[in-house]
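Architecture at a glance
As a plain string of letters, each chain reads:
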Amino acid sequence: MQQFGIGLAGMGNVGAGVYKHLVQNRALLRERLGCTLEIRKVAVRDPARVRPVDVPASLLTTRWEDLLDDPSIQIVVELMGRKEESLGLILGAIERKKVVVTGNKALLAEHGKEIFEAATTHASPVFFEAAVAGGIPIIKAIREAFIGNHIQSIHGIINGTSNYILSRMTDAEMSFDEALREAQEAGYAEADPSLDVNGGDAAHKAIILASLAYGFWVPADRIFVEGIESLTTSDIRFAKQFGYRVKLLGIIKSDESRGIEVRVHPTLVPEKHVLASVNGVFNALAVKGDVVGETLFYGRGAGQDATSSAVISDIAEAADALVSPRRNLGFMPHGLYGACRPIDDIESEYYLRLSVEDRPGTIAQIAGILGELSIGISSILQPESEDEGSTVPLLLMIHRATNRQIQNALQRIGLLACVKKPPRMIRVEHFS
Ligand SMILES: NC(=O)c1ccc[n+]([C@@H]2O[C@H](COP(=O)([O-])OP(=O)(O)OC[C@H]3O[C@@H](n4cnc5c(N)ncnc54)[C@H](OP(=O)(O)O)[C@@H]3O)[C@@H](O)[C@H]2O)c1
């Protein structure tokens with residue numbers, strides 16, 4: 001039986017899970033793949049560190065370069081999570097025609113183009129199922145199951161930490177800070193949670209999904225990203241009164257002229273839509289293709305076991321690719337779609353929350369500005385319960401308008417004497 005050697009770079013949270021499950025399910029993988037997989041080297045920073053899995057000391061090295069130099073390693077699994085070293089390892093492996101598996105979303109979002117140009121030059125595949133939505137097989141679904149589809153849209157809850165925080169803000173009426181602290185205590189958020197709450201991590205995943213769906217690596221500076229840090233419990237409660245839940249969504253769409261949009265921001269999702277009931281650390285993606293129609297994927301977006309499952313599926317695919325070389329090297333570039341549209345040109349519906357003086361004429365002044373800018377109001381609500389001293393909250397749901405129009409309106413409304421605080425705006429999605 002054919003045997004393939006694996007070099008594992010990183011034995012942290014994910015690496016330890018991959019090692020454990022590869023050993024535990026060795027027989028199952030052998031039967032299904034018709035070959036055996038053997039871990040031949042494990043690169044770590046600190047070999048003395050106590051680990052949850054028992055790795056023979058003879059496998060450990062502190063030099064990731066050793067994985068490249070070892071001719072008995074045909075599959076390199078990069079799980080170091082670093083930028084420079086990981087890029088060096090991946091490019092080095094590609095040059096030596098070793099098949100690469102990685103879960104490094106930050107690296108792919110930034111260097112995907114370079115990595116896949118090298119993969120094409122050397123005809124050596126790179127697989128990255130673990131980079132988006134952990135255990136959900138969304139990469140293979142888009143790349144393989146939907147190969148005959150134009151992807152019309154992807155709406156994804158693709159960051160579990162922010163979804164946990166928003167779920168707790170909604171269900172337990174916690175403040176953002178309280179929910180974040182709870183997430184950190186439960187191990188769902190890093191000590192430095194910046195990339196999770198500022199939308200950066202979801203943006204990395206949105207770039208990867210968009211690139212896969214539309215055939216070119218979308219530059220990070222072309223996508224719009226807004227995090228959840230400034231959301232308040234009031235916004236979440238008011239959204240509920242309108243029949244919505246607030247979610248951090250990655251939204252990826254194409255239009256009829258094959259232009260695309262990629263954005264990540266807090267979004268009001270109708271509570272009857274299935275994504276509204278995805279809570280806690282779970283991820284979900286709604287993908288619409290022109291042939292398949294609407295599909296839905298749900299599962300754990302991170303964590304040792306879910307992510308290991310994705311990495312192992314890539315290792316199996318790597319073994320398959322070594323047995324029979326393929327044309328698709330993990331990403332298939334093409335020129336069928338145009339550039340990513342800037343946020344100012346993108347249309348959405350909106351929720352606005354204003355803090356206004358409670359006197360006649362206020363609504364007329366605000367409606368006047370919106371009317372002058374051809375922005376339609378779909379409903380207005382003035383909740384009675386909220387005590388804001390001499391001011392009252394005024395909530396407006398706004399029909400479709402471009403970001404340029406709404407920003408213009410917000411600037412003018414914010415200057416009105418009857419408006420006492422900077423207006424708050426959250427985008428609304430109806431999935432049509
Ligand atoms: N955690 C998740 O749930 C998850 C989900 C999806 C994707 N990912 C991605 O998977 C990757 C790994 O994540 P993780 O959570 O497992 O990270 P982690 O726990 O921080 O583990 C990183 C590992 O890399 C090793 N390492 C770091 N720099 C090294 C170097 N220069 N040479 C050799 N080894 C080095 C570390 O060694 P020591 O152990 O000796 O320090 C450690 O074992 C990241 O790209 C992450 O974005 C993670």
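Scroll up a little and you will see the structure.
To start, this report covers the structure provided alongside it. (Residues numbered from 1 in each chain as written. Predicted model: local features only at pLDDT ≥ 70, side-chain atom pairs only at ≥ 80, totals over all residues. Heavy atoms only, no water.)

Notes on the layout of surface pockets
This is how it is decided: The method works on a 1 Å grid over the protein atoms by themselves. A cavity is a set of points holding a 1.4 Å probe that cannot get out, a pocket is an open set with protein on both sides within 12 Å along at least five of seven lines, and residues with an atom within 4 Å of a point line them. Grid points are joined across faces, edges and corners, and a volume is the space filled by probe spheres set on the points. Numbering goes from the N terminus for both helices and strands, where a helix is a DSSP run of H or I of at least four residues and a strand is a run of E of at least two. Basically, the charged four are Asp, Glu, Lys and Arg, the nonpolar ten are Ala, Val, Leu, Ile, Met, Phe, Trp, Tyr, Cys and Pro, and anything else, Gly included, counts as polar.
Computed from the structure, the largest pocket encloses a volume of approximately 1600 Å³. In terms of lining residues, the largest pocket is bounded by 49 residues, among which Asn-13, Val-14, Gly-81, Lys-105 and Glu-190 are the most central. If you list the elements that add at least two residues to the lining of the largest pocket, you get helix H1 (13-24), helix H5 (105-122), helix H7 (160-171), helix H9 (194-197) and helix H10 (200-214). Considering only residue class, the lining of the largest pocket consists of 16 nonpolar, 19 polar and 14 charged. Here the second largest pocket is characterised by a volume of approximately 620 Å³. Lining the second largest pocket are 27 residues, and of these Ser-153, His-155, Lys-253, Phe-431 and Ser-432 sit closest to its centre. Broken down by secondary-structure element, the contributors of at least two residues to the lining of the second largest pocket are strand S7 (151-157), strand S9 (244-254), strand S10 (260-270), strand S11 (282-289), strand S12 (293-300) and strand S13 (347-357). Among the residues forming the lining of the second largest pocket, the class breakdown is six nonpolar, nine polar and 12 charged.

Observations regarding the nonpolar core
We count it as follows: Remark: nonpolar core denotes a set of buried residues (Ala, Val, Leu, Ile, Met, Phe, Trp, Tyr, Cys) joined through side-chain atoms within 4.5 Å. Summary of the burial criterion: residues with accessible area below 20% of their type's maximum are buried, those above 50% are exposed, and those between are partly exposed, where the area comes from a 1.4 Å probe applied to protein chains only.
Of all hydrophobic cores here, the largest spans 85 residues; its most connected members are Ile-115 and Ile-138. No other element matches the 10 residues that H10 contributes to this core. Counting residues in hydrophobic clusters, the runner-up holds 31 residues, among them Leu-22, Leu-29, Leu-37 and Ala-318.

Thoughts on the side chain of Glu-349
The criterion, for reference: Neither His nor the chain termini are counted; the positive set is Lys and Arg, and the negative set is Asp and Glu. One side-chain nitrogen of Lys or Arg within 4 Å of one carboxyl oxygen of Asp or Glu is enough to make a salt bridge. Any N or O atom pair separated by 3.5 Å or less is treated as a polar contact, with the protein-specific requirement of one donor-capable and one acceptor-capable atom, and with residues adjacent in sequence counted only for side-chain atom pairs. The contact criterion used is simple: two residues touch if any of their non-hydrogen atoms lie within 4.5 Å.
Of note, Glu-349 is situated in strand S13. Arg-400 provides the closest opposite charge to the buried, salt-bridge-free Glu-349, at an N-O distance of 4.3 Å. Polar contacts involving the side chain of Glu-349 include one to the side chain of His-430, which spans 3.0 Å. In this structure, Glu-349 is in contact with Ile-398, His-399, Arg-400, Ile-426, Arg-427, Val-428 and His-430, ignoring residues within four places of it in sequence.

Details of the pairing of S10
Operational definition: Pairing between two strands is assigned when DSSP locates at least 2 bridges connecting them.
Among the 11 residues of S10, 11 are classified as buried, and the element is accordingly described as predominantly covered. The pairing of strand S8 (residues 224-225) with S10 spans two bridges and is classified as parallel. Residue pairing in the sheet places Phe-224 in a bridge with Arg-263 of S10. For S9 and S10, the ladder comprises 11 bridges, and the chain directions are antiparallel. Bridge pairing in S10 links Lys-247 to Thr-267. Both S10 and strand S16 (residues 424-428) contribute to a ladder of two bridges, which runs parallel. Pairing of Leu-268 across the sheet is with Val-428, part of S16.

Here's the deal with the site of the ligand
The test is simple: Nearness is judged by heavy atoms alone; a residue qualifies as near a molecule or strand once a single heavy atom is within 4 Å of it. Any molecule with more than half of its atoms within 2 Å of a cavity's or pocket's grid points is regarded as sitting in that cavity or pocket.
Neighbouring the ligand are 24 residues, the closest being Val-14, Asp-46, Arg-49, Arg-51 and Gly-303. Contact distances for the ligand include 2.9 Å between an oxygen atom and a backbone N or O atom of Gly-12. One of the backbone N or O atoms of Asp-46 is found 2.7 Å from an oxygen atom in the ligand. Judged by the proximity of its atoms to the pocket grid, the ligand belongs to the largest pocket. Here the residues of the shell around the ligand are counted per class, giving nine nonpolar, eight polar and seven charged.

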